[in-house]
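Each chain, letter by letter, is given below.
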Amino acid sequence: KLYFDYCASTPLHPKVAEQLFCTSEQLYANPSSVHEMGFEANQRVEESRERLSTILHVEPSEVIFTSGATESNNLAIIGAVRTWMKKTSQTPHVISTQIEHSSVFNCCKQLVGEGVEITFLPVDHNGIVSIASIEKAIQVNTMLVSVMHVNNETGSIQPIHEIGKLLRAKPHIYFHVDGVQGFGKLALELDDIDLYTLSGHKIGGPKGIGLLIVKEHVELTPLFFGGEQENGLRPGTTNVPGVLSLVEAIEISYSEREEKMQGLTVLHDLVYSKLEEIPEIIMNSPRPPLSAPHIINFSYKGTGVTSALLISILAKQGIIVSSQSACSSTAKTSRVLMAMTNDEILSSSSIRLSFHESVTPDDVRYLVHSISHMIHQVKSQNKFALL
Ligand code: PMP
């Protein structure tokens, strides 16, 4: 089988797997316990936090370990909104976009039901939000802007550094970035970002671990209540093997970033150019530099062809792909593509290909061949349906 769904999850990097195994076996004591084994586990967690803070140029106290990006996004958004509500009687206003991952989008929708004002900004045909629209949406009660770095369905890159600069002049508005699909792929500068989300299993780390960078000046209200772990922001026994493995995965993906990107850009170009030649296909992702080079999204142009059908035809040829984020895979129409194209047919017949440094040019040649075959099959099935 050939797997092209690396945005949904990645295999553990061998060095991370070793770290996970060794620490699970040896460092099992609770790092909050006041005995020698607890102290050692705690020391290893704090060393990892320091290593991470050096890589990301933040303070160790600004690194909050969570169970993954879904929790980090909820903590950032709900945590900031609740703090605002405690401090002022004004209705909080949050600015986000129509293309966020469901862990941001549905969290914001939940808050709408609780009386919070949310603006979901539209995007252009490349899936990119404009700075001008953000500037225009700002109100006196705006207290948070949440925009992802790289869209998980199309790879479209959002102008987070420009948004950060715009918001620099408005320190009362927190800026949150869901960095899950951009980390280890694109250059990152956290100076103008107040809250930053990352997930382990998208970068060769384990599932069930992630982090939220919470800058010193940001006041969040925790989602859960219990112990004092993670500055009281995230109670619960620290996942020691998870933390150590996550930091290992981050170090590896950070140090190999540029080299990996060169390889992925070549693969992206090869696949994109071949798919563009197929008349029944429409490309949804823009090309780099507007898109990250590990994602290509396209749709079948004809009516009555669903993503599920295309995925199953490819699966018969041993090709594993998806259409949307695994967290929205039950929806028939892609919300992200609807926001970009406003076209129901294209939004319900999309395929997302996502790549990894281990993918070879031969793999993508077979992929392109299988997609051509799939188109051929769909066309002949449609012809019979019309007879
Ligand atoms: N944000 C983005 C952009 C994602 O792609 C994902 C994973 N589909 C998440 C958040 C959620 O990540 P996790 O699985 O760590 O909760």
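Source: prediction; values computed, not measured.

So, the domain arrangement of the protein chain
Working step 1: Segmenting the protein chain into domains produces domain 1 (2-8 + 257-386) and domain 2 (59-237).
Working step 2: Here the C-alpha centroids of domain 1 and domain 2 sit 28 Å apart.
Working step 3: Listed as interface residues are 22 residues of domain 1 and, on the opposing side, 24 residues of domain 2.
Working step 4: Among the secondary structure elements, those contributing two or more residues to the side of domain 1 that touches domain 2 are helix H8 (257-276), strand S10 (295-300) and helix H10 (335-341).
Working step 5: Counting residues per element, the side of domain 1 that touches domain 2 draws most heavily on H10, which supplies 4 residues.
Working step 6: A class-by-class count of the residues in the side of domain 1 that touches domain 2 yields 10 nonpolar, 9 polar and 3 charged.

Thoughts on the sheet that holds strand S12 (residues 350-354)
Working step 1: Judged by pairing direction, the sheet is antiparallel, and its 3 strands sit side by side in the order S9-S10-S12 without closing on themselves. The strands lining the two open edges of the sheet, one partner per strand, are strand S9 (281-283) and S12. Adjacent strand axes in the sheet meet at a mean angle of 30°, parallel and antiparallel pairs treated alike.
Working step 2: Inspection of the sheet shows S9 paired to S10 by 3 bridges, in the antiparallel sense. Across the sheet, Ile282 pairs through a bridge with Ser299, a residue of S10.

So, the nonpolar core
Working step 1: Counting 97 residues, the largest nonpolar core has Ile77 and Ala80 as the members making the most contacts within it.
Working step 2: Top element by residues in this core is helix H3 (residues 69-87). It accounts for 8 residues.
Working step 3: Each of two domains, domain 1 (2-8 + 257-386) and domain 2 (59-237), supplies a minimum of three residues to this core.

Topic: the site of the ligand
Working step 1: In the vicinity of the ligand, 15 residues are found, and the nearest of them are Gly68, Ala69, Thr70, Asn152 and Ser199.
Working step 2: Residue assignment places the shell around the ligand across two domains, with domain 1 (2-8 + 257-386) and domain 2 (59-237) each supplying three or more.

Details of helix H7 (residues 240-255)
Working step 1: Taking 1.5 Å per residue, 16 residues should reach 22 Å; H7 reaches 23 Å between its end C-alpha atoms and fits that length.
Working step 2: Within H7, 12 of the 16 residues are buried, which leaves it mostly tucked inside the rest of the structure.
Working step 3: Listing the buried residues of H7 in full gives Val240, Pro241, Gly242, Val243, Leu244, Ser245, Leu246, Val247, Glu248, Ala249, Ile250 and Ser253.
Working step 4: In this structure, the buried side of H7 is in contact with helix H1 (14-26), helix H2 (36-56), strand S2 (63-66) and H8.

About the cut-offs
- Residues numbered from 1 in each chain as written.
- Predicted model: local features only at pLDDT ≥ 70, side-chain atom pairs only at ≥ 80, totals over all residues.
- Domains from an automatic or database assignment.
- Contact = placed C-beta atoms within 7 Å.
- Helix = DSSP H or I, 4+ residues; strand = E, 2+ residues; numbered from the N terminus.
- Nonpolar A, V, L, I, M, F, W, Y, C, P; charged D, E, K, R; others polar.
- Pairing = 2+ DSSP bridges.
- Axes fitted to C-alpha atoms, helices over the stretch in contact; angles between N-to-C directions.
- Core = buried A, V, L, I, M, F, W, Y, C linked by C-beta atoms within 7 Å.
- Buried ≥ 20, exposed ≤ 12 C-beta atoms within 10 Å, placed from the backbone.
- Near = placed C-beta within 6 Å.
- Expected span 1.5 Å × (residues − 1).

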